[in-house]
Structure formats: structure tokens, C-alpha cells
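# Reading the structure
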Amino acid sequence: MKKFSVVFAAALALTSCNKKFNDAMKSADKNLILKTANEYYAAKKWTNALALYDRLPNLVAGTDDAPNVVFNSAYANYYDKNYKLAGHQFKKFSVSFPDDPRREEAAYMSALCYYEGSLDYNLDQSNTDLAINELQDFLNNYPSSDRSKNINKLIEELMYKQEFKAYENARQYFNMAQYKASDVTFENVLEDFPGTKLRPKIYNYILKSKYELAVNSVYDLKAERLDNALAYTRFVERELPDTDYAKNAVDLRKKLEEEKEKFAKLTKEVEAQKARLTEKHKAELARIEKEEQARKERKEISKAKYDVSQTRKDSAQNATPPPAATFEIKK
């Protein structure tokens, strides 16, 4: 019986709550709607509060209640995790009510909403760019605010997210053994984020990319790439002294120097082979040229003999008289 009473009381309360909400939604009484909306807001029932606040803008326009409706609606959307809409409403409040003492708070919350709307680093970062701009606008407009310290932390966090996304994109090229793209992309990360905390790791990946690119290079580019990688080992050792990255640079330098010695020997062999092939080619060209010259000479001799023979034949024909006239004897 006691359990039934509890269930009945809960059902009765729910029915009463629904009736209150429905009555407010159907009413045209501004005061009833506002009072009910504020009660739901205080009870943290954001969905009901927002549904009622949405009916009020035209009813409270130009009254003292207008700022509270916009302000509470913005917070209700924020707590209901509708960050994009909440950010728009907080910004609207700070612009529409410049004399309200809550203007700075609204501007701060607007920036915070954009921050909350920033997606994970592996997703689209257009919201992150927008959030950084909004946070920076708050700093520009309220440089002496007590909230500025927190804003700076949020900006650093968002910028690190952008850095890490760029870093991960470059690392994907390395993992796919696309070392040329890896080298270039990591260099771009350093250029785009000169203050990045990932600089030591980036240096290390650039070095490993240059090493793999040099060791596995095509012949024509290998000498240049070996020298490039060796120079970068010295750069890393100088920039990151007394670190594991510096030790790794020294180890890779030894391997690169050994590879350079092997390549120097190979280069000598290749150059010697080229020289032999060049001489052989020259000899072949000389032989072909000699044969061609002999063929021309034979052709000229043959032509000369033909011309002499033809001249004699023509002379003989000219010296022989035409045959005498003959008559057919009839039988």
C-alpha cells in the first residue's frame, strides 16, 4: 500500500507539472509564462524552461524583463549543451544591452561557448579557429578582467589542439613511409606553430625522415640527401643537448657516415663503368663511321666505273653507221 501511495504521488506530481507547463505554453499572459519559465530554470529543467523562454521575446520586447529572458535562455542552452545557440545568445546580450552589469559575463560566456564547441583534434577544426578568435576578442575588449587568465589558458589549449592535429597529420606520412612528405609537413608545423611544445619530437621525426630518405634514395639524389641528413644530425645535437634525441642523432650520424662511404665506393665504380662504356661507345662510333666512309668510297668507285662504261657504250654507238636500205623480194 505504501509503495502504491509513492507511485500515485509521483504520478500526481508529474500530472500537475505537465498541467503547469501546458497551461503556460497555451497562455498569452506574459507574467504567467515568465514566472513558469523561471521556475523551471531554477529547477534546472532546461528543456521546459527553454520552450517557455522561446515564447517570450516578442512579449517582453522593450521591457525590463527582456535582458533576463535573453540571459537565462543563453544559460539554459549552455547547461543543455546547445553551445552554438548559447554562444549566439550571450553575444546578442552583450551587444543589445551594453549598459547591463552582466555584459562582461555574457561576453565571457559567449567565448566559452565557442570553446566548448571545439571538436576533438582529429575532427574538423574550423570551430577551434572561431573559438580562438572569440576568446581573443574578449581579451581585447576586457584586458583587465579577472577572467583573462582563464581565457589565456583556454587559448593555449585550443592552439595546442591545432598543433597536435598538424603534428598527427605529419606523423601519418611518416608511418606510411612517405618520408619526403613527412619531412616537408613537419617543417610546416614548425613554421605555423613556432612556439610549439612538440618541437623536440618534431625535430626527431624530421631527422628520421631525412635519414630514411637518404638511405633509400635513388642514385642521382643520394649524395645530396646524405649530406642533408648528416647536417641535420648536428643541428639536433646542438638544439637538444643531453637528451635522448641528441644521442639518437649521434647514432644515426654514424650510420649515415658508413652509408656515405659505401656510396662513395659505389660512385667510383659507377664512374669507372661510365668511362668504360663511354670509350666503348666512342670506339663503336668510330667503327661505324669508318664503315660508312668505306661504303661511300665503294659507292663512288662503282659509280665511276659505271660512268666510264656508259661513256664507251655511247661512243661505240655513235661510230657505227646505220644499216643499208633493204628491199623485200616478192615470191
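An account of the accompanying structure is given in this report. (Residues numbered from 1 in each chain as written. Predicted model: local features only at pLDDT ≥ 70, side-chain atom pairs only at ≥ 80, totals over all residues. Heavy atoms only, no water.)

Looking now at the packing of aromatic side chains. Tallied over the full model, the rule gives 24 aromatic pairs. Note on Y41 and Y53: the rings are 6.3 Å apart at their centroids and 70 degrees apart in plane angle, and the pair reads as edge-to-face. Taken together, the residues Y41 in helix α2 (residues 30-42) and Y53 in helix α3 (residues 46-53) connect sequence positions twelve residues apart. Each member of the pair Y41 and Y53 is classed as buried. An aromatic cluster is built from Y41, W46, Y53, F71, Y75, Y78, Y79, Y83, F90, F93 and F97, whose rings are joined through pairwise contacts. (Phe/Tyr/Trp six-rings, centres within 6.5 Å; stacked < 30°, edge-to-face > 60°. Helix = DSSP H or I, 4+ residues; strand = E, 2+ residues; numbered from the N terminus. Buried < 20%, exposed > 50% of the residue type's maximum accessible area, 1.4 Å probe, protein only.)

For the rest of this paragraph, the subject is α2. Helix length check: α2 (13 residues) gives 18 Å between terminal C-alpha atoms against 18 Å at 1.5 Å per residue, within 8%. Taken together, the buried positions of α2 are I33, L34, T36, A37, Y40 and Y41. The arc that holds every buried residue of α2, seen down its axis, measures 165 degrees, which confines them to one face. What points out from α2, more than 90 degrees from its buried face, is the exposed set N31, K35 and A42. The opening residue of α2, the one whose side-chain oxygen lies 3.0 Å from the backbone nitrogen of N31, is D29. Residue K44 follows α2 closely and has a positive phi angle near 65 degrees. (Expected span 1.5 Å × (residues − 1). Arc of directions from axis to C-beta. Polar contact = N/O pair within 3.5 Å; in protein donor to acceptor, adjacent residues only side chain to side chain.)

Let's shift gears to the environment of W46. Mapped onto the elements, W46 comes out in helix α3. Excluding its chain neighbours within four sequence positions, the residues that come into contact with W46 are Y41, A76, Y79 and D80. (Contact = heavy atoms within 4.5 Å.)

What follows is about the nonpolar core. One finds Y53, Y78 and F90 to be the most contacted residues of the largest nonpolar core, which totals 45 residues. Only α1 (2-26), α2, α3, α5 (66-79), α6 (83-96), α7 (103-116), α8 (126-141) and α9 (148-175) provide two or more residues apiece to this core. Counting residues per element, this core draws most heavily on α7, which supplies nine residues. Counting residues in hydrophobic clusters, the runner-up holds 28 residues, among them Y167, Y232, V236 and L252. (Core = buried A, V, L, I, M, F, W, Y, C linked by side-chain atoms within 4.5 Å.)

Moving on, we get to the packing of helix α11 (residues 199-215) against helix α12 (residues 219-239). Where α11 meets α12, the closest approach of the two axes is 8 Å, and the angle between their N-to-C directions is 160 degrees. Considering the angle they form, α11 stands roughly antiparallel to α12. By crossing handedness, the relation of α11 to α12 is classed as left-handed. On the side of α11, the interface is formed by Y203, I206, L207, K210, Y211, L213, A214 and V215, while α12 contributes K222, R225, L226, N228, A229, Y232, T233, F235, V236 and E239. Partitioning the contact of α11 with α12 into residue classes produces twelve nonpolar, two polar and four charged. (Axes fitted to C-alpha atoms, helices over the stretch in contact; angles between N-to-C directions. Parallel < 35°, antiparallel > 145°, perpendicular 65-115°, else oblique. Left-handed = near helix turned anticlockwise from the far one by under 90°. Nonpolar A, V, L, I, M, F, W, Y, C, P; charged D, E, K, R; others polar.)

Looking now at the pattern of salt bridges. Under the criterion given, the structure shown has 15 salt bridges. In this structure, D227 and K260 form a salt bridge, with 2.7 Å as the shortest nitrogen-oxygen distance. Of the two residues, D227 is situated in helix α12 and K260 in helix α13 (residues 244-319); the sequence distance between them amounts to 33 residues. Relative accessible area serves as the criterion here: at 38%, D227 is assigned to the partly exposed category. Here K260 falls in the partly exposed class, since its relative accessible area comes to 39%. One connected set of salt bridges, linked through shared partners, spans K20, K35 and E39. (Salt bridge = Lys/Arg side-chain N within 4 Å of Asp/Glu carboxyl O.)

Note that every value here comes from positions in space, so none of it alone points to a role or purpose.
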